[in-house]
Amino acid sequence: WPPRPSGRFEVGARLANERELAEEHGVSRGTVRLALDLLEHDRLVVRQQGRGTFVANPAYAQTAGQQAALIGVLVYDKEMYFGDLLRSASSRSGERGYMLTTGSNMSQQEEDRHIDAFLQGGIQGVLLAARPEATCPALGRLREAGLPVVMVDTHSLDDEEDFVSVDNRRGAVLAVKHLVGLGHRRLAYVGHDNPYDSPCQPERMGGLGRRAF
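Residues numbered from 1 in each chain as written. Predicted model: local features only at pLDDT ≥ 70, side-chain atom pairs only at ≥ 80, totals over all residues. Heavy atoms only, no water.

Undergrad: Just give me the short version of the overall build of the protein chain, but keep the residues and values in it.
TA: When helices and strands are tallied, the protein chain shows seven helices and seven strands. Counting all 213 residues of the protein chain, 35% fall into the buried class. A separation threshold of at least 6 residues defines the contact pool for the protein chain, and within that pool the share at least 24 residues apart is 57%. In the structure as shown, the protein chain presents an accessible area of about 13600 Å², 52% of it carried by carbon and sulfur atoms. (Helix = DSSP H or I, 4+ residues; strand = E, 2+ residues; numbered from the N terminus. Buried < 20%, exposed > 50% of the residue type's maximum accessible area, 1.4 Å probe, protein only. Contact = heavy atoms within 4.5 Å. Areas by Shrake-Rupley, 256 points an atom, 1.4 Å probe, with all protein chains shown as cover.)

If you want it as structure tokens, here you go:
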């Protein structure tokens, strides 16, 4: 016989819905709901409306009935470019009892509208992916409101702020070494010279070295 499941879930794991749990264990949905209420009271799970129930770390999760703290995310692409980041951020925030709410900054109008909603909704902090061509007025508004901000992928040239980005320089070095190792000698960099795309563009150029030209 196959071994029985241990019954243990990793922090951040999404539980089955009430109907599925009731069918699996042969009990009523009312019984499942009561069990989830008890788990939420003990801060072992956190419920997020429209998303489901997640295993929580009791050291971080809010007590039952307490409004979950919100983290705002402003990105200019929610699927292809930042999709994985949003999914990971949502999982990590759920582990600590936070809810993630996302907004678009594809245009200045959208950015202003979502920041207004963030400020009115009691956001506790913001992840901000600034558009490379923008001078990032969002950063100033969020700082004036006293909100902690972490920039993602790019950062402002005129300010010092916390930011998370890939190692663009190292990536360029590895790409050149790979191509050289294949015997290529005439290499070129196809990109742009937008000075606001920092740290991406200057770090990538810096990692290419003279061998690329």
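Undergrad: How would you sum up the nonpolar core? Please name residues and give values.
TA: Judged by nonpolar contacts, the single largest core of 13 residues is most densely connected at Val126, Leu128, Leu142, Val149 and Met151. Elements that contribute at least two residues to this core include exactly α4 (108-120), β5 (123-128), α5 (137-144) and β6 (149-152). Residues in contact with Val126, not counting those within four places in the same chain, are Gly72, Phe118, Leu142, Leu147, Pro148, Val149 and Val150. Counting residues in each nonpolar core, the second largest holds nine residues, with Val73, Tyr76, Phe82 and Leu86 among its members. (Core = buried A, V, L, I, M, F, W, Y, C linked by side-chain atoms within 4.5 Å.)

Undergrad: Can you explain the layout of surface pockets? Please cite residues and give values.
TA: Size it by volume and the second largest pocket reaches roughly 200 Å³. As for the second largest pocket, its lining consists of Tyr81, Phe82, Leu85, Val152, Asp153, Val164, Ser165 and Val166. A class-by-class count of the residues in the lining of the second largest pocket yields six nonpolar, one polar and one charged. (1 Å grid on protein atoms, 1.4 Å probe; cavity = no way out; pocket = protein on both sides within 12 Å on 5 of 7 lines; lining within 4 Å. Points joined across faces, edges and corners; volume = space filled by probe spheres on them. Nonpolar A, V, L, I, M, F, W, Y, C, P; charged D, E, K, R; others polar.)

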